[in-house]
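Examining the three-dimensional arrangement
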Amino acid sequence: MKHAAKKAAQFASLTLILPFFLVYRLLSLLGSKDGAFAAASQALSLFPGTAGSYLRVAFYRIAMRHCHSDLFIGFGTLFSQWDTSLGQGIYIGPQCNIGKCHIGADCLIGSGVHVMSGSRQHRFDDLNTPIREQGGEFTRTTIGEDCWIGNGALIMANIGNKCLVGAGAVVTSDVPDFAIVAGNPARVIRFRNQTGGPASA
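Figured I'd write up the structure that's included with this text. Because the structure is a prediction, the values reported are computed rather than measured.

Re the sheet that holds strand 8 (residues 108–109)
Ordered in space as 2-5-8-11-13-15-16, the 7 strands form an open sheet in which the pairing is mixed. On the outer flanks of this sheet lie strand 2 (72–73) and strand 16 (187–191), each paired with one strand and no other.

In structure tokens, the structure reads:
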């Protein structure tokens, strides 16, 4: 019964979101696709509760590169790039800011987490040119399956499968599978698949 009700809610959300999606498509044809996508994300982020999550997921299912139907996206969470993939069973808490990325199945993303589109979004080498005019490079950040990202973490590099990232951690280099990391910059504390004291990595 619960499964049937969920499917009905997903179908109703898709039906309700279609006019909004058509407006988004028109805006994306007239200007920047990512700009239109970010604007749509900002509008949809303001719908509260479970109903708001259903509407957000419905839109991202047809507007993102890939978005599974079975996930939760909290109030106030923003996505800035349509070229993003979200796997099954993900929970994304409120007030997150997520760029170009892939998030694997069964991940838990705490509130206020920022997932950057890589670590080279802004160049700053030329001292004679304002930083805002130097451009940058957007790359895909990957978070593996079954990870837990603590509140307020900043993710600028790839994270392996089954990792834990401490609250407030700043991840600036790739994290291997099973690692528990914390701090600024984030460092490996130990590995979940090993017993004993702190990791040597």
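Structural notes on the sheet that holds strand 14 (residues 170–171)
Strand order in this open sheet of 5 strands is 3-6-9-12-14, and the pairing throughout is parallel. Only two strands of the sheet have a single neighbouring strand rather than two, namely strand 3 (78–79) and strand 14. In the sheet, strand 9 (residues 114–115) pairs with strand 12 (residues 154–155) via 2 bridges, with the strands oriented parallel. Residue pairing for strand 12: His114 is matched across the bridge by Leu154.

Details of the packing of aromatic side chains
Overall, the coordinates contain 10 aromatic pairs when judged by the stated rule. When the ring of Phe21 is compared with that of Tyr24, the centres are 5.8 Å apart and the planes differ by 45°; the resulting orientation is tilted. Here Phe21 and its partner Tyr24 are both found in helix 1 (residues 2–30), 3 residues apart, which amounts to about one turn of the helix. With respect to burial, Phe21 and Tyr24 carry one shared label: buried. Where Phe37 meets Tyr60, the ring centres are 5.7 Å apart and the plane angle is 45°; that geometry is what we call tilted. On the criterion of sequence distance, the pair formed by Phe37 in helix 2 (residues 33–44) and Tyr60 in helix 3 (residues 49–63) is long-range, its members being 23 residues apart. A residue is classified by how much of its surface remains accessible, and Phe37, at 0% relative accessible area, is buried. Three or more aromatic residues joined by ring pairs form one cluster here, namely Phe20, Phe21, Tyr24, Phe37, Phe59, Tyr60 and Phe79. The ring of Trp82 carries Lys33 above its face, with NZ or CZ at 3.8 Å from the centroid.

Let's talk about unusual backbone geometry
With an omega of -5°, the peptide bond running from Asn184 to Pro185 counts as cis. In this structure, Pro185 sits in the loop between strand 15 (179–182) and strand 16. In this structure, Gln95 is a non-glycine residue whose phi angle is positive, near 65°. Mapping Gln95 onto the fold places it in the loop between strand 5 (91–92) and strand 6 (97–98).

Points about helix 1
Its 29 residues give helix 1 an end-to-end C-alpha distance of 42 Å, which sits within 8% of 42 Å, the value for a rise of 1.5 Å per residue. The largest bend in helix 1 comes to about 40°, at Leu18, with the proline Pro19 one to four residues further on. Those residues of helix 1 not exposed but buried are Gln10, Ser13, Ile17, Phe21, Tyr24 and Ser28. Among the structural elements, helix 2 and helix 3 are those in contact with the buried residues of helix 1.

Observations concerning the side chain of Thr84
Summarising the element assignment, Thr84 is placed in the loop between strand 3 and strand 4 (85–86). Here the side chain of Thr84 touches Gly99 through a polar contact of 3.1 Å, landing on its backbone oxygen. The residues contacting Thr84, other than those within four sequence positions of it, are Met64, Arg65, His66, Phe79, Gly99, Lys100, Cys101 and Arg140.

Considerations on the packing of helix 1 against helix 2
One can describe the packing of helix 1 onto helix 2 by two numbers: an axis separation of 8 Å at closest approach and a directional angle of 150°. Viewed along their axes, helix 1 and helix 2 adopt a mutual orientation that is roughly antiparallel. Seen from above, helix 1 lies across helix 2 with right-handed handedness. Mapping the contact onto sequence places Ile17, Phe20, Tyr24, Arg25, Leu27 and Ser28 in helix 1 and Lys33, Ala36, Phe37, Ala40, Ala43 and Leu44 in helix 2. For the contact of helix 1 with helix 2, the class distribution of residues is 9 nonpolar, 1 polar and 2 charged.

Analysis parameters
- Residues numbered from 1 in each chain as written.
- Predicted model: local features only at pLDDT ≥ 70, side-chain atom pairs only at ≥ 80, totals over all residues.
- Heavy atoms only, no water.
- Pairing = 2+ DSSP bridges.
- Helix = DSSP H or I, 4+ residues; strand = E, 2+ residues; numbered from the N terminus.
- Phe/Tyr/Trp six-rings, centres within 6.5 Å; stacked < 30°, edge-to-face > 60°.
- Buried < 20%, exposed > 50% of the residue type's maximum accessible area, 1.4 Å probe, protein only.
- Lys NZ or Arg CZ within 6 Å of the ring centre and 35° of its normal.
- Expected span 1.5 Å × (residues − 1).
- Bend = angle between axes of the 7 residues up to and from the residue.
- Contact = heavy atoms within 4.5 Å.
- Polar contact = N/O pair within 3.5 Å; in protein donor to acceptor, adjacent residues only side chain to side chain.
- Axes fitted to C-alpha atoms, helices over the stretch in contact; angles between N-to-C directions.
- Parallel < 35°, antiparallel > 145°, perpendicular 65-115°, else oblique.
- Left-handed = near helix turned anticlockwise from the far one by under 90°.
- Nonpolar A, V, L, I, M, F, W, Y, C, P; charged D, E, K, R; others polar.

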